[in-house]
Amino acid sequence: MSTPPSPEKEAKPSNFVRDIVIQDLASGKNGGRVHTRFPPEPNGYLHIGHAKSICLNFGLAKEFGGKCNLRFDDTNPSKEETEYVDSIIEDVRWLGFDWDDRMFYASDYFEQIYQWAVDLIKKGKAYVCDLTAEQIREHRGTTTEPGKESPYRNRSVEENLDLFTRMRAGEFPDGSRTLRSKIDMASPNFNMRDPVMYRILRAHHHRTGDTWCLYPMYDFAHGECDSIEGITHSICTLEFEDHRPLYDWYVENLDIHHPQQIEFDRLNLTNTVLSKRKLLLLVQKGIVSGWDDPRMPTLSGMRRRGYTAEAIRTFCGNIGVSKTNGIVEFSMLEHFLREDLNKKAARVMTVLDPIKVIIDNFPDGQVDQLEAVNHPDDPSMGTRTVPFSKVIYIERDDFREDPPKQYFRLSPGREVRLRYAYFVTCTSVVKNEAGEVTEIHCTYDPASRGGNSPDGRKVKSTIHWVSAEHGIDCEARLYENLFREASEDEVEAQETEWAWLTPNSMINVTGAKVEPCVKGAAAGTLYQFERVGYFCVDKTSTPEMPVFNRTVALRDSWAKIEKGQKPK
RNA sequence: UGGGAGAUCGUUCAACGGUAGGACAGCAGACUCUGACUCUGCUUAUCGGGGUUCGAAUCCCUGUCUCCCAGCCA
């Protein structure tokens, strides 16, 4: 705390929030302390948008030798559940952050917040209002007209105290009265037109149970919680800019530690939706299998899909923090994902759409054990042996009877390399009645064992394969973006139709063949299926039937070439 | 219509009165036992109009556009 590490100017791209922290440190504000917090409401699962906030808050604390608290903003019991609390704890940990013993709940402070409300009443700055929700709305005025003062605004301190005590005691029905702060009904900022501080609400709270029948509103709780915890920089999203005057009003009138609220832009990503409400809808309507469906942008969904915490952190550190309302392209996320997966994923050969290849001159019954590296750039990941035999499978797309221009893979008369194995040349094909190729016949060059020919001749393509006798069956789940439209605005317009969903956003490939070495791999194990994509073992996987999620496909420049050829 | 906040390559973030730069995407090439990875090169931007200044993305004025706000949600 006394000697915060000096920020490495070069290493990290700065942002305006970080600049504020640096300035405060330089000026000696807060006694050189940096203390942030991540304050989710436990009413849903965390998503990639929260990751941005988590990385910012925990990241700033870490960078400047400060602290970051995890705090649950649980002031509305009607929406909150322990299931969400548990998932949030798991997700923040998984992302790689630690709050030591500083996990708090707004509900920890209910008594203190209540006492502060009493203080404000005593100072004549808060009053009990008997107006209905409807009437309060009518009194609030409009953008152009000032609001009207509540007829209960000038109750005596004694009466307010008595009423507020009885509110707490449960003497009045839900919604019958509120405690409001006495600020300014003519303020151009609606938040200042005598905002409600407490509402009567008989809902079972996931932590405090039924001990309270009145709960503080966000505005009256948040700054106070920050203050209690000694937060220095209270970082939140842009929609709270209008709330800052109220945030400041409460801590000033209570005369308590005054954290600085700083607002930044929330993350928007193309082709997905980052709104708890909409994600909840997807779960409730059964459009996805749950919060951890691999198509969901939730941290649990992404984790199951095979995203790594490091990739998400790197992404968050690179998208920047500003106050502009933008939308980040999904390809940016995929870039950082691939970058990390490329380093970590062991290579293995898997044929998603198999077609049989028979090596006519390969001895019947012979099995060659060929050595393959687990990672081309990381020898420490070791090697494995891959069984090779007379009958193998290759990818249907790796053979063309009539190859288009620039197609380098197998076709009649052409020689290619089977990765880690041999050069093979296609000699003939067998077709069914429909004229579809069902079997490819090849000859192999025994001298090319291991993948290189002693005479130095080259092939233009290397393809992956799996021995028919040794390969094991597996399922591969291929995912598309859940949302076909790039932006949420377009989604909004079509929401009732659900037409914005990508049809068949999950394709379950059942006939795939994979190398035997993956048998029994634990859920979450990452692989690169060579030339196909990054996959991870799904939680539903069994040794008998491995199940893989495609995390993200490999970049595919041939697909681009081919696409460009189509219109001709 | 009142208040608040924004506007820089296709996207995103920098540049804090002194050469508009990075990342992603795109394009072209090199390399390659993954058409992957890696490497090289290239294309493209200061919302409009006025000012101030030797000099403006940056300061001033003005216009335009976008986002947020009228929950007893957070």
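Predicted, not measured: the structure shown is a model, and the values here were computed from it.

### Thoughts on the overall build of chain A
Move 1: In terms of regular secondary structure, chain A is built from 14 helices and 25 strands.
Move 2: For the C-alpha atoms alone, the extent of chain A along its principal axes is close to 100 × 55 × 45 Å.
Move 3: Burial statistics for chain A: of 568 residues in total, 53% are counted as buried.
Move 4: A sequence separation of at least 24 residues applies to 71% of the contacts in chain A between residues at least 6 apart.
Move 5: Of the roughly 25300 Å² of accessible surface on chain A, 49% is carried by carbon and sulfur atoms.
Move 6: The distance from the centre of the 73 positive side-chain charges to the centre of the 87 negative ones in chain A is 2 Å.

### A closer look at the side chain of S150
Move 1: Inspection of the secondary structure puts S150 in the loop between α5 (133-140) and α6 (157-168).
Move 2: Residue classification places S150 among the buried positions, given a relative accessible area of 4%.
Move 3: A polar atom in the side chain of S150 sits 3.0 Å from the backbone nitrogen of Y152.
Move 4: For S150, the contacting residues outside a window of four places in its chain are Y127, C129, L131, H139 and R180.

### Concerning the sheet that holds strand β23 (residues 526-529)
Move 1: Spatially, β10-β23-β24-β25-β21-β22-β11 is the arrangement adopted by the seven strands of the open sheet, whose pairing is mixed. Two strands lie at the open edges of the sheet, namely β10 (346-348) and β11 (350-351), each paired on one side alone.
Move 2: Packed on one face of the sheet, helix α12 (residues 330-344) meets β10, β23, β24 (533-537) and β25 (547-553) and runs near 125° to β25.

### Considering the nonpolar core
Move 1: Membership of the largest hydrophobic core comes to 42 residues, with the highest contact counts inside it found for I48, V92, I312 and F315.
Move 2: Here the element with the most residues in this core is helix α2 (residues 48-63); it accounts for six residues.
Move 3: In this structure I48 touches L267, L269, L274, P297, L299, M302, I312 and F315, once residues within four positions along its chain are discounted.
Move 4: Residues A117, W212, W249 and Y250 belong to the second largest nonpolar core, which totals 35 residues.

### Let's talk about helix α7 (residues 218-228)
Move 1: In terms of burial, α7 is a largely internal element, nine of the eleven residues being buried.
Move 2: Among the residues of α7, D219, F220, A221, H222, G223, E224, C225, D226 and S227 are the ones counted as buried.
Move 3: Trailing α7 by a residue or two, G230 shows a phi angle of about 70°, which is positive.

### Some details on the sheet that holds strand β3 (residues 103-105)
Backbone-to-backbone hydrogen bonds pair the strands of a sheet. The strands run either parallel or antiparallel.
Move 1: Read across the open sheet, the three strands follow the order β1-β2-β3; overall the sheet is parallel. Of all strands in the sheet, those bounded by a partner on one side alone are β1 (35-38) and β3. Neighbouring strand axes in the sheet, compared pairwise and without regard to direction, differ in orientation by 35° on average.
Move 2: The pairing of β1 with strand β2 (residues 67-72) spans four bridges and is parallel. Pairing of T36 across the sheet is with C68, part of β2.
Move 3: In the packing of helix α3 (residues 82-95) onto the sheet, the strands contacted are β1, β2 and β3, and the crossing angle to β2 comes to about 160°.

### Regarding the pattern of salt bridges
In a structure, side chains of opposite charge can pair up when their charged atoms sit close to one another.
Move 1: Counting across every chain of the model gives 47 salt bridges.
Move 2: Note that D292 and K539 form a salt bridge whose closest N and O atoms lie 2.6 Å from each other. Highlighted residues: D292 in the loop between α9 (276-284) and α10 (299-305) and K539 in the loop between β24 and β25, separated in sequence by 247 residues.
Move 3: Look at the salt bridges and you will find they share partners, linking D292, R304, E475, R477, D538 and K539 into a network.

### Here we look at the protein's contact with RNA strand B
Move 1: Around RNA strand B there are 71 residues in total, and R347, R409, R417, G450 and Q528 lie nearest to it.
Move 2: Between RNA strand B and T143, the relevant distance is 3.1 Å, taken from a base oxygen to a side-chain nitrogen or oxygen of the residue.
Move 3: One nitrogen or oxygen atom from the side chain of D242 is found 2.8 Å from a base nitrogen belonging to RNA strand B.
Move 4: Element by element, the count of residues in the surface near RNA strand B is highest for α12, at five residues.
Move 5: Tallied by class, residues from the surface near RNA strand B come to 23 nonpolar, 26 polar and 22 charged.

### Here's the deal with the packing of aromatic side chains
Move 1: Evaluation of the coordinates by the stated rule reveals 28 aromatic pairs.
Move 2: Seen in terms of ring centroids, F362 and Y422 are 6.3 Å apart; in terms of plane orientation they differ by 65°. Their pairing is edge-to-face. Taken together, the residues F362 in the loop between β12 (354-359) and β13 (368-373) and Y422 in the loop between β16 (415-418) and β17 (423-431) connect sequence positions 60 residues apart. For the pair formed by F362 and Y422, the shared burial category is buried.
Move 3: Above the plane of the ring of W94 lies R303, whose end atom (NZ or CZ) is 5.1 Å from the centre.

### With respect to the pairing of strand β9 (residues 260-264)
Move 1: With four of five residues buried, β9 lies mostly within the body of the structure.
Move 2: Where strand β8 (residues 233-237) and β9 come together, five bridges link them in parallel fashion. When the bridges of β9 are listed, H233 appears paired with Q260.
Move 3: Taken together, β8, helix α8 (residues 244-254) and β9 constitute a β-α-β crossover, and its handedness is right-handed.

### A closer look at α12
Move 1: Between its terminal C-alpha atoms α12 stretches 21 Å, which fits the 21 Å expected from 15 residues at 1.5 Å a residue.
Move 2: Within the span of α12, buried status applies to F330, L333, F336, L337, R338, D340 and L341.
Move 3: Those residues of α12 that are buried are in contact with α10, α11 (309-318), β10, β23, β24 and β25.

What counts and what doesn't
Residues numbered from 1 in each chain as written. Chains lettered and ligands numbered in written order. Predicted model: local features only at pLDDT ≥ 70, side-chain atom pairs only at ≥ 80, totals over all residues. Heavy atoms only, no water. Helix = DSSP H or I, 4+ residues; strand = E, 2+ residues; numbered from the N terminus. Buried < 20%, exposed > 50% of the residue type's maximum accessible area, 1.4 Å probe, protein only. Contact = heavy atoms within 4.5 Å. Areas by Shrake-Rupley, 256 points an atom, 1.4 Å probe, with all protein chains shown as cover. Lys, Arg positive; Asp, Glu negative; His and termini not counted. Charge placed at Lys NZ, Arg CZ, Asp CG, Glu CD. Polar contact = N/O pair within 3.5 Å; in protein donor to acceptor, adjacent residues only side chain to side chain. Pairing = 2+ DSSP bridges. Axes fitted to C-alpha atoms, helices over the stretch in contact; angles between N-to-C directions. Core = buried A, V, L, I, M, F, W, Y, C linked by side-chain atoms within 4.5 Å. Salt bridge = Lys/Arg side-chain N within 4 Å of Asp/Glu carboxyl O. Near = heavy atom within 4 Å. Nonpolar A, V, L, I, M, F, W, Y, C, P; charged D, E, K, R; others polar. Phe/Tyr/Trp six-rings, centres within 6.5 Å; stacked < 30°, edge-to-face > 60°. Lys NZ or Arg CZ within 6 Å of the ring centre and 35° of its normal. Right-handed = clockwise from strand over helix to strand, strands pointing away. Expected span 1.5 Å × (residues − 1).

Take it as geometry only, folks, not as evidence of what the structure does.
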